[in-house]
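Summary of the model geometry
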Amino acid sequence: MTHADEAVLGLAAEYANEYLAGLATRPVGATAGPAQLEPLLGGPLPEGPGEPTETISLLAKAARTGGVVASGGPRYFGFVVGGALPVSVAADWLVSAWDQNSGVYDLGPATATAEYVTAQWLVELFGLPAGTSVGFPTGCAMAHLTALATARHHVLAAVGWDVERDGLRGAPEVHIVASAQRHLTIERALRYLGLGIGRTKPVGTDAEGRMRPDLLRAELARCDGPTIVCTQVGDVNSGAIDPVGEICDIAHEHGAWVHVDGAFGLWAAASPALRPLLAGIERADSWASDAHKWLNVPYDCGLVFVRNAEDHRAAMLNARADYLPDPVPGERDPIEWVPDFSRRARSLPVWAALRTLGRSGIAAQIERGCALARRFAAGLAAIEGAEVLNEVALNQVLVRFAGDDTITRGVIERLQERGVSWFGGTTWNTQAAMRVSVTSWRTTESDVDTVLTEIRAVFTEVLSATVPV
């Protein structure tokens, strides 16, 4: 490696450390837009080679100009985005430096072995059945696609149809039964798989967004043939958890496959204190989650789990290319469990986080997020005119201000502008609400209290500007 190579890598590490060190004090939201960033990063494609350190310096300048959202910091509560643990960032740097195509064992034995170990650790951590297969796709959307492709394979094979060979034309109809509160990534997976979002049979929910078992039973009674049920643990707005054990029992009475959307909520299974909220989750057939949310590893890393490994493998890889080495016992090829072929070793930061935190550290991280969410809810409820709209099941809080859509949206916008914190908006039961998600390992009680003071001040400010004197 040349001196110039060492210089550019060292500069990148310097800028990265500078950014991470300033996360707690920088404005949380982005303060620059296209007008500032395009002149900095754009222009005509250079005609010839440039200085690598200048290129990296431009990226650092884009961050300093305000083009990067401090979503990994302690006061970002918008989307369900976790801050990356330092050990997982360090592992991710090694993933890029090693530059292994982790699809096949022979291309990177250490990374493939670490992925196998990580898969076993996760199955044990979540209390899933022994023998459950695991894949590491880009995110929960692709985890859903993988799991639902496996479900499609299984339910059609059960009636004598080979969907991987013959496709869906002429196949028996596959009934998709899903919560009315399902996440949009479920619908994306159904579109990609040719199962159609318009044919999904929605099951109503209670006031918190939990699927109602009685309505599920009634809907399944109307389904004749291959059926897949999609349930969720951790509603993206309220954090509500479906009664997944009861749902599994009802669905299995009808011979249906049960898939669990646990994008962040599945991590509650890693906590002995929270595990009872997910009672019966081990009776499902497939599960999807993210590590880049509550485990706090860098983007991107999804997780997919399938009870029946043979179904999983059959749905993903029916045959191997002639140029690939033959499978060897004890050498796990990651391409057998996910749609992508060439892939980075995204499971390595997960291995690093699990090994460093250990079982108790992971549980503490999840429980702390829930405790801080409850602290948020109590503090918000104490603000006159603020209404907490949900039971705080996990790490999500919904709040509405002055019972008014305009004021609620005004509070969100003003908080984003001030930069002390960042919250997003949503619609809950047809009303505007502010969404609070506590996901970062960096967030402390002091951060919550600071932000509650900020919310109180901003609410007062918005009220005074909105209500005529």
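Below is a short write-up of the structure. (Residues numbered from 1 in each chain as written. Predicted model: local features only at pLDDT ≥ 70, side-chain atom pairs only at ≥ 80, totals over all residues. Heavy atoms only, no water.)

1. Side note on the pattern of salt bridges
Keep this limit in mind: Salt bridge criterion: a side-chain nitrogen from Lys or Arg within 4 Å of a carboxyl oxygen from Asp or Glu. Each helix is a run of H or I in the DSSP string that is no shorter than four residues. Each strand is a run of E no shorter than two, and both are numbered from the N terminus. Exposure classes here rest on a 1.4 Å probe applied to the protein chains alone. A residue is buried below 20% of its type maximum, exposed above 50%, and partly exposed in between.
Per the counting criterion, the structure on display carries 30 salt bridges. Ionic pairing is found between R344 and D92, a salt bridge with its closest N-O pair at 2.9 Å. Placement of R344 in the loop between α11 (309–316) and α12 (347–381) and of D92 in helix α4 (residues 86–98) is noted, with a sequence separation of 252 residues between them. With relative accessibility at 29%, the residue R344 sits in the partly exposed group. For D92, a relative accessible area of 15% gives the class buried. Across the pair R359 and E124 runs a salt bridge, and its minimum N-O distance is 2.7 Å. Here the residue R359 occupies a position in helix α12, and E124 occupies one in helix α5 (residues 109–126), the gap between them amounting to 235 residues. One network of salt bridges, with partners in common, ties together R414, E417, R418, E454 and E461.

2. Quick word on the nonpolar core
Definition in use: What we call a nonpolar core is a set of buried Ala, Val, Leu, Ile, Met, Phe, Trp, Tyr and Cys residues that are connected through their side-chain atoms within 4.5 Å.
Core analysis: the largest hydrophobic core is formed by 52 residues, its most contacted members being L122, F126, L216, W267, L295 and F305. Core analysis: the next-biggest nonpolar cluster, separate from the first, contains 27 residues, A149, A151, L190 and L195 among them.

3. Focus on the pairing of strand β6 (residues 286–290)
Within a regular strand, the side chains alternate between the two sheet faces. Defined as follows: When DSSP finds two or more bridges between a pair of strands, those strands are recorded as paired.
Counting buried positions over the five residues of β6 gives five, a clear majority of the element. Burial along β6 is two-sided: S286, A288 and D290 and W287 and S289, pointing in opposite directions, are all buried. As paired elements, strand β5 (residues 257–261) and β6 share three bridges and run parallel to each other. Within the sheet, the bridge partner assigned to D261 lies in β6 and is A288. Across five bridges, the pairing between β6 and strand β7 (residues 302–306) is antiparallel. Looking across to β7, one finds that S286 is bridged to V306.

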